[in-house]
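Spelled out, the chains give:
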Amino acid sequence: MTIPLTWTQDPPRSMAQVVWSREIPSSLELKQDTMDALIQEMLDRRFIDSEEQHWLCLCLDEALVNAILHGNEGDETAKVQVQLGVEGDRWVLCIDDQGQGFVPDQDVPDPEDSDSLLLEHGRGIRLMREWLDELTYYRGGASLVMARRRTLG
Amino acid sequence: MASEHLIVQAYEGVVLVKITKERLLEAPVIAAIGEDLLKLVDRYPKISLVLDVADVGYLSSAFIGKLMALFKAVTLVKGRMAVTGVKPSLMPLFTVTRLDKIMTFAPDAAEVINLYKRKPL
């Protein structure tokens with residue numbers, strides 16, 4: 001079932017149990033290494049199984065590219081923080097950038113709109129909503145929380 | 001002219017392109033593949049293009065965007081294209097984004113090649 005996108009100006013909720021954290025400069029060159037380390041951590045903890053790896057890859061890629069390029073506008077002095085935590089039977093990922101956020105209705109085309117079908121961008125969030133159990137933007141879009149029920153652990 | 005991630009074969013009016021990269025996640029890789037695919041549309045008038053993605057295991061929405069750019073370019077020159085060999089695990093990415101409504105997807109490249117050969121543009 002496709003989940004709704006939630007957007008608020010509120011600060012993100014505090015995560016009960018952080019199990020992995022990394023802060024990186026806003027450089028796309030560092031994105032893949034961060035993704036690989038995080039995915040391995042989530043596989044080792046049995047938060048996901050290998051069948052789901054491509055979905056996690058996609059969600060992480062969208063989230064990190066957005067944080068680095070759109071949130072921090074590629075400014076390498078600005079940081080992106082990635083935290084992995086546990087909330088009950090769910091894993092939770094929180095990705096923070098130091099940008100000004102965004103307004104989904106204004107800045108992201110609605111992929112359900114027939115006029116958007118031929119656009120070459122704007123599908124990332126739609127795809128994330130398909131797999132995740134929660135997709136919430138806090139601080140006006142500068143903090144992203146993604147969550148999903150743990151597969152095996 | 002083709003990037004290191006593409007194998008291009010053209011014969012009997014059909015251009016078969018195989019993407020050999022498993023992970024289509026890095027922006028420079030996606031950009032290079034996108035540019036090279038568009039160059040094929042310039043090189044072959046009214047192209048009949050078969051894009052084989054059987055080796056692709058991971059992709060991002062940026063690649064889907066490149067695919068859409070390619071589809072528009074092919075349509076503009078009154079060509080045709082099909083995407084073949086999409087792994088079942090990846091097919092939902094194309095159905096969710098409704099690309100399956102406007103592009104041709106087929107399990108096997110050979111089947112589309114034969115169809116294109118039988119019905120030249």
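Here the structure is shown first, and the text comes after it.
Residues numbered from 1 in each chain as written. Chains lettered and ligands numbered in written order. Predicted model: local features only at pLDDT ≥ 70, side-chain atom pairs only at ≥ 80, totals over all residues. Heavy atoms only, no water.

Draft legend 1. A look at the overall build of chain A. Broken down by element type, chain A carries 4 helices and 6 strands. Sequence-ordered secondary structure for chain A, helices as α and strands as β, is β-β-α-α-β-β-α-α-β-β. For 153 residues, the compact-globule formula gives about 15 Å, and the C-alpha radius of gyration of chain A, at 15 Å, lands near that figure. Reported as C-alpha extents along the three principal axes, the dimensions of chain A are approximately 40 × 40 × 30 Å. For chain A, the proportion of its 153 residues judged to be buried stands at 50%. Put simply, of all contacts in chain A between residues at least 6 apart along the chain, 69% involve residues at least 24 apart. Counting 14 positive and 29 negative side-chain charges, chain A places the averaged centre of each group 7 Å from the other. (Helix = DSSP H or I, 4+ residues; strand = E, 2+ residues; numbered from the N terminus. Rg over C-alpha atoms; globule rule 2.2 N^0.38 Å. Buried < 20%, exposed > 50% of the residue type's maximum accessible area, 1.4 Å probe, protein only. Contact = heavy atoms within 4.5 Å. Lys, Arg positive; Asp, Glu negative; His and termini not counted. Charge placed at Lys NZ, Arg CZ, Asp CG, Glu CD.)

Draft legend 2. Fine view of the environment of Phe 47 of chain A. All names here are of chain A. Positionally, Phe 47 belongs in the loop between α1 (31-44) and α2 (53-71). Under the relative-accessibility criterion, Phe 47 is labelled buried at 3%. A sequence separation of 43 residues divides Phe 47 from Arg 90, and the C-alpha atoms of the two residues are 8.1 Å apart. Beyond its immediate chain neighbours, meaning those up to four positions away, Phe 47 contacts Val 19, Met 42, Leu 84, Gly 85, Val 86, Trp 91, Arg 149, Arg 150 and Thr 151.

Draft legend 3. The arrangement of the pairing of strand β3 (residues 79-87) of chain A in detail. All names here are of chain A. Here strand β2 (residues 17-25) runs beside β3; their pairing, made up of 8 bridges, is antiparallel. Counted as the bridge partner of Trp 20 is Leu 84 from β3. What sits between β3 and strand β4 (residues 90-96) in their antiparallel hairpin is a turn of 2 residues, with Gly 88 showing a positive phi close to 60°. (Pairing = 2+ DSSP bridges.)

Draft legend 4. Representation of the sheet that holds strand β7 (residues 104-106) of chain B. All names here are of chain B. Judged by pairing direction, the sheet is mixed, and its 5 strands sit side by side in the order β1-β2-β4-β6-β7 without closing on themselves. The sheet is open, and its two borders are formed by β1 (6-11) and β7, each paired with just one other strand. Adjacent strand axes in the sheet meet at a mean angle of 20° when their direction is disregarded. Sheet topology note: the β1/strand β2 (residues 14-19) ladder contains 6 bridges and is antiparallel. (Axes fitted to C-alpha atoms, helices over the stretch in contact; angles between N-to-C directions.)

Draft legend 5. Here's a closer look at helix α1 (residues 27-43) of chain B. Residues and elements named next belong to chain B. When the terminal C-alpha atoms of α1 are compared, their 24 Å separation across 17 residues agrees well with the 24 Å that a helix rising 1.5 Å per residue should span. Of the residues making up α1, those classed as buried are Val 29, Ile 30, Ile 33, Gly 34, Asp 36, Leu 37, Leu 40 and Val 41. In a view along the axis of α1, the buried residues occupy a sector of 165°, so they form one face of it. Seen from the buried face of α1, the exposed residues on the opposite side, beyond 90 degrees, are Pro 28, Glu 35, Asp 42 and Arg 43. Tucked into the core, α1 has its buried residues touching β1, β2, β3 (23-24), β4 (48-52) and α2 (61-76). (Expected span 1.5 Å × (residues − 1). Arc of directions from axis to C-beta.)

Draft legend 6. Main features of the sheet that holds strand β1 (residues 6-7) of chain A. Residue and element names in this part refer to chain A. One open sheet holds the 6 strands; their spatial order is β1-β5-β6-β4-β3-β2, and the pairing between them is mixed. The sheet is open, and its two edges are formed by β1 and β2, each paired on a single side. Lying over the sheet, α1 contacts β2, β3 and β4, oriented at roughly 170° with respect to β2. On the sheet, α2 packs against β2, β3, β4, β5 (134-138) and β6 (143-149) and is oriented at approximately 20° with respect to β4.

Draft legend 7. Broad picture of the packing of α1 of chain B against α2 of chain B. Residue and element names in this part refer to chain B. Axis separation between α1 and α2 bottoms out at 10 Å; the angle between their running directions is 10°. Considering the angle they form, α1 stands roughly parallel to α2. Facing α1, whose interface residues are Ile 30, Ala 31, Ile 33, Gly 34, Leu 37, Leu 38 and Val 41, α2 presents Ala 62, Phe 63, Lys 66, Ala 69, Leu 70, Ala 73 and Val 74. Of the residues in the contact of α1 with α2, the class split is 12 nonpolar, 1 polar and 1 charged. (Parallel < 35°, antiparallel > 145°, perpendicular 65-115°, else oblique. Nonpolar A, V, L, I, M, F, W, Y, C, P; charged D, E, K, R; others polar.)

Draft legend 8. Fine view of the environment of Met 35 of chain A. For Met 35 of chain A, the position within the fold is in helix α1. Residue class for Met 35 of chain A comes out buried when judged on its relative accessible area of 0%. Sequence separation between Met 35 of chain A and Asp 61 of chain A is 26 residues, and the spatial gap between their C-alpha atoms is 7.6 Å. Ignoring any residue separated from it by four or fewer positions in sequence, one finds Met 35 of chain A in contact with Cys 57, Leu 60, Asp 61 and Leu 64 of chain A together with Leu 25 of chain B.

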